[in-house]
Amino acid sequence: MPLRGLPEEHIRYHLCWGSWHGPHAFDIELDKVVDLMLRVRAQAYLIEAANARHEHEYVVWERVKLPVGKILIPGVISHATDVIEHPELIAQRIRRFASLVGAENVMAGADCGFGGRTHPQIAWAKLRALAQGAELAGRSGRAH
């Protein structure tokens, strides 16, 4: 379905490197495609930022300005591991992005969906940790 005619505030764009459990040794780096991603007419952009292949890419936002009115939804929990992220780690990830693009422009998310990839009990535990981490980050006054 084309995006033409749809209100931008109804569109969330997920930049995905594929969620299969495999080596992901050749994922293209965010800095190579961020300008293209930001050309997509969406209000919010979801990126992988919690897994070992992409977490370091937050530095892209040191040089790339998020357009006014846009929302960045970095993954702060990963579908690629069954390890439950600690809420403080999640809060640190949220704060990192908030310091780069502004707390009002950050919404915490997951790298990708959990359906069919993660046992439901693990997925729910990760989502509880995400909520706890977002609360910690919000208490610091630097992110919502």
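Quick caveat: nothing in here was measured; it's all calculated off a predicted structure.

Student: What exactly am I supposed to notice about the overall build of the protein chain here?
Tutor: From N to C terminus, the protein chain includes 4 helices and 4 strands. Ordered by position from the N terminus, the helices and strands of the protein chain form the series β-α-β-α-β-α-β-α. When its C-alpha atoms are laid out on the principal axes, the protein chain stretches across 40 × 35 × 25 Å. Scored against the burial criterion, the 144 residues of the protein chain give a buried share of 46%. Partitioning the intrachain contacts of the protein chain with sequence separation of at least 6 by distance along the chain shows that 82% fall at a separation of at least 24.

Student: Quick question: what am I supposed to make of helix α4 (residues 120-139) here?
Tutor: Since there are 3.6 residues in each turn of an α-helix, residues three or four apart along the chain are aligned in direction. With 20 residues, α4 should cover 28 Å at 1.5 Å per step; its first-to-last C-alpha distance of 29 Å lies within 8% of that length. Listed in full, the buried residues belonging to α4 are I122, A123, A125, K126, A129, L130, G133, A134 and A137. Elements that come into contact with the buried residues of α4 comprise β3 (71-77), α3 (87-101) and β4 (109-110).

Student: Hey, could you run me through the sheet that holds strand β2 (residues 44-47) in this one?
Tutor: The strands making up a sheet associate through hydrogen bonds between their backbones, and the pairing can be parallel or antiparallel. Spatially, the 4 strands line up as an open sheet ordered β1-β2-β3-β4, and their pairing is parallel. At either margin of the open sheet sits one strand with a lone partner, and together these are β1 (12-14) and β4. As defined by bridge partners, β3 adjoins β4 across 2 bridges and the pair is classed as parallel. The partner of I77 across the bridge, within β4, is A110. Lying on the sheet, α3 is in contact with β2 and β3; it crosses β3 at an angle near 160°. This element, α4, spans β3 and β4 of the sheet and lies at about 125° to β3.

Student: How should I be thinking about the side chain of E57 in this particular structure?
Tutor: Looking at the element boundaries, E57 is found in the loop between β2 and α2 (60-63). For the buried E57, no salt bridge is present, and the opposite-charge side chain at shortest range is R53, 6.7 Å distant. A polar atom in the side chain of E57 sits 2.8 Å from the side chain of H54. Ignoring anything within four residues of it in the chain, the contact list for E57 reads W17, I28, E29 and L30.

What counts and how
Residues numbered from 1 in each chain as written. Predicted model: local features only at pLDDT ≥ 70, side-chain atom pairs only at ≥ 80, totals over all residues. Heavy atoms only, no water. Helix = DSSP H or I, 4+ residues; strand = E, 2+ residues; numbered from the N terminus. Buried < 20%, exposed > 50% of the residue type's maximum accessible area, 1.4 Å probe, protein only. Contact = heavy atoms within 4.5 Å. Expected span 1.5 Å × (residues − 1). Pairing = 2+ DSSP bridges. Axes fitted to C-alpha atoms, helices over the stretch in contact; angles between N-to-C directions. Lys, Arg positive; Asp, Glu negative; His and termini not counted. Salt bridge = Lys/Arg side-chain N within 4 Å of Asp/Glu carboxyl O. Polar contact = N/O pair within 3.5 Å; in protein donor to acceptor, adjacent residues only side chain to side chain.

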